[in-house]
Amino acid sequence: MKNKLMAVYFVLILILCGCSSNQQEQVDPIEIHNDNADTTSVLYEFAHGIKGYTGTELALNDFNEFTYEINNKNKALDLGLIFFADGYLQRYKTEDEENLDYLHSISVEKSKIKDIKIIMESYQLDNKNTHSFNIGGVLNPSVIKDLASYQVNHSISQSSGISVQSLNTDFQVKHLDKENTFSEVPITESDKQQLNISSFDDLNQNMRIKVLQDNKEVKDYINTEKSIDIYVTGDYGLYNMYIFVDGRPYNPEEFVYPIESKKGYFSIQSLKLPVELKEKKNLFFVFAPKNTVNFIEQSERYMIGSE
Amino acid sequence: MKKSLIKVTIVSALFMGLATFGPSTVKANSDTSSDYYGSYYGNLVGENQFYKQPGSPLAKRVDLSASVQGSVDYVGVKLSVKNYSTGSNYYSSGSYGRAGTYYHTDWDFLKSENASIYNNQCSAFGTHEFRHSSSGVVYTVTYA
């Protein structure tokens, strides 16, 4: 009798378990397992920003000399610092490198914090009193020899935009005037599907970028001898577009293109690149906002040439 | 009688636990985290998870997340799926916002047009990032 009671009790509980399991399968029809546990690994992990900056408004003079901090949480890396003011790439030097350049590569050892003094001597700015500063870091800004090695190299991370006053400054202020050469086309329903959006409101402050050659979207390899069409859309924003080659800005005084993103339209910048780029390895496009609302944006990163 | 019932109850509870919290809820892959990103933002946690069918090497879904304490200008993730031997790009996507935590799930990134990567040949590169007056980023890779 005891055994019979126990058996009935056991079966009853098993039935209850079965009901619970079935309910769960309805919620998530894909069964999952952990055969691949521990195969995710960290490639790089770091934080960066102006040391001691807490989000307050700054004056242009504050950028005369300041300390930038890179807090590396993982393996050793190089970070190529780039500074944009009003969307224009700025030249600077560091305490270690006396030459003025648009990008200095800062090496940071494994799990170390690196403080580096940044020195700016002049600016390229729009002719107004309030300016936007956007700072980015290009991961490992050196030549990547093949596609398999590209991984996350040359990815740009950025600190947020900083609003800067330029009153009472002694710095040399240069206004750079570049003519707009981009065109616009309305976004079609087919484009919306490709962008994976149902409404233009799904585009927030981030820009969507695609690069075409011969009317086909460029994938992995880009031919620098052919004309290139860069399509951008997103929430409204004014940017300057730059070309980065082998992880660094390519002749940014000459190759800078003002471009506008807005909902419902693709802005298209067509360009022909110099012949000498054929001998280089890596290329991507960078979009620097002329405000503190939008972010520094980056196209896919391409190998120059063919497979 | 009482002792026997207690034993049966324990065994049954174990069965129930296995049925409810067994393989169907185990996360296939995770993860990375860090403990400090400046005095204001606390933790930035980056996580990739491949979900698979039992007995099959085929990835069916990948989840990414980025989490940071407090509201920031930007928190988001980017996913880039590549052939792990050639580095060829198959798929990229991302999600972002201004909330403290952001998740991104891709159910169907392995579509038939990319059938060549069904044979266990892909790797997912994740970017888990926040941006504010300073910023933090974790780059990860997960192999399917």
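**Brief notes about the overall build of chain A**
If you tally the helices and strands in chain A, you get 3 helices and 24 strands. Within the span of chain A, comprising 307 residues, buried residues form 50% of the whole. Residue pairs at least 24 apart in sequence account for 72% of intrachain contacts in chain A once pairs closer than 6 positions are excluded. Of the accessible surface of chain A, which amounts to about 14,600 Å², a share of 45% is contributed by carbon and sulfur atoms.

**Digging into the nonpolar core**
As a rule of thumb, nonpolar side chains are buried together in soluble globular proteins. Residue and element names in this part refer to chain A. Tyr 68, Leu 81 and Phe 133 are the most contacted members of the largest nonpolar core, which has 34 residues in total. At 5 residues, strand β4 (residues 77-85) tops the list of elements feeding residues into this core. Excluding anything up to four places from it in sequence, Leu 81 contacts Tyr 68, Tyr 92, Tyr 102, Leu 103, His 104, Ile 106, Ile 116, Ile 118, Gly 136 and Gly 137.

**Structural notes on the pattern of salt bridges**
All names here are of chain A. Scanning the model with the defined rule gives 15 salt bridges over all chains in all. With its nearest N and O atoms 3.6 Å apart, the salt bridge here joins Lys 93 to Glu 98. What makes Lys 93 buried here is its relative accessible area of 13%. Judged by its relative accessible area of 56%, Glu 98 falls in the exposed class. A salt bridge links Glu 260 to Lys 262, with the nearest nitrogen and oxygen atoms 4.0 Å apart. Connected through shared salt-bridge partners, Lys 51, Glu 69 and Asp 115 make up one network.

**Describing the confidence of the model for chain B**
Residues and elements named next belong to chain B. Overall, the predicted model of chain B reaches an average pLDDT of 62, with 46% of residues at or above 70. When pLDDT is averaged over each element of chain B, strand β4 (residues 74-83) comes out on top at 86 and strand β1 (residues 32-33) at the bottom at 32. Overall, residues 1-40 carries pLDDT values under 50, and its contacts beyond four positions in sequence, including any with other chains, amount to 87 contacts. Scored as a complex, the prediction yields pTM 0.81 and ipTM 0.84.

**Observations regarding unusual backbone geometry**
All names here are of chain A. Unlike most non-glycine residues, Asp 214 shows phi in positive territory, near 50°. Here the phi dihedral of Asp 220 falls at roughly 70°; this positive angle occurs in a residue that is not glycine. By secondary structure assignment, the location of Asp 220 is in the loop between β15 (216-217) and β16 (221-222). Taking relative accessible area as the criterion, Asp 220 reaches 6% and is therefore assigned buried.

**Digging into the pairing of strand β7 (residues 122-131) of chain B**
Residue and element names in this part refer to chain B. Where burial is concerned, most of β7 is hidden: 10 out of the 10 residues are buried. Residues of β7 alternate between two faces, with Cys 122, Ala 124, Gly 126, His 128 and Phe 130 on one and Ser 123, Phe 125, Thr 127, Glu 129 and Arg 131 on the opposite face, all of them buried. Bridge analysis of β7 against strand β8 (residues 134-143) gives 9 bridges, and the strand direction is antiparallel. When the bridges of β8 are listed, Phe 125 appears paired with Val 141. The turn linking β7 back onto β8 is made up of 2 residues.

Rules behind the numbers
Residues numbered from 1 in each chain as written. Chains lettered and ligands numbered in written order. Predicted model: local features only at pLDDT ≥ 70, side-chain atom pairs only at ≥ 80, totals over all residues. Heavy atoms only, no water. Helix = DSSP H or I, 4+ residues; strand = E, 2+ residues; numbered from the N terminus. Buried < 20%, exposed > 50% of the residue type's maximum accessible area, 1.4 Å probe, protein only. Contact = heavy atoms within 4.5 Å. Areas by Shrake-Rupley, 256 points an atom, 1.4 Å probe, with all protein chains shown as cover. Core = buried A, V, L, I, M, F, W, Y, C linked by side-chain atoms within 4.5 Å. Salt bridge = Lys/Arg side-chain N within 4 Å of Asp/Glu carboxyl O. pLDDT = per-residue confidence, 0-100. Pairing = 2+ DSSP bridges.

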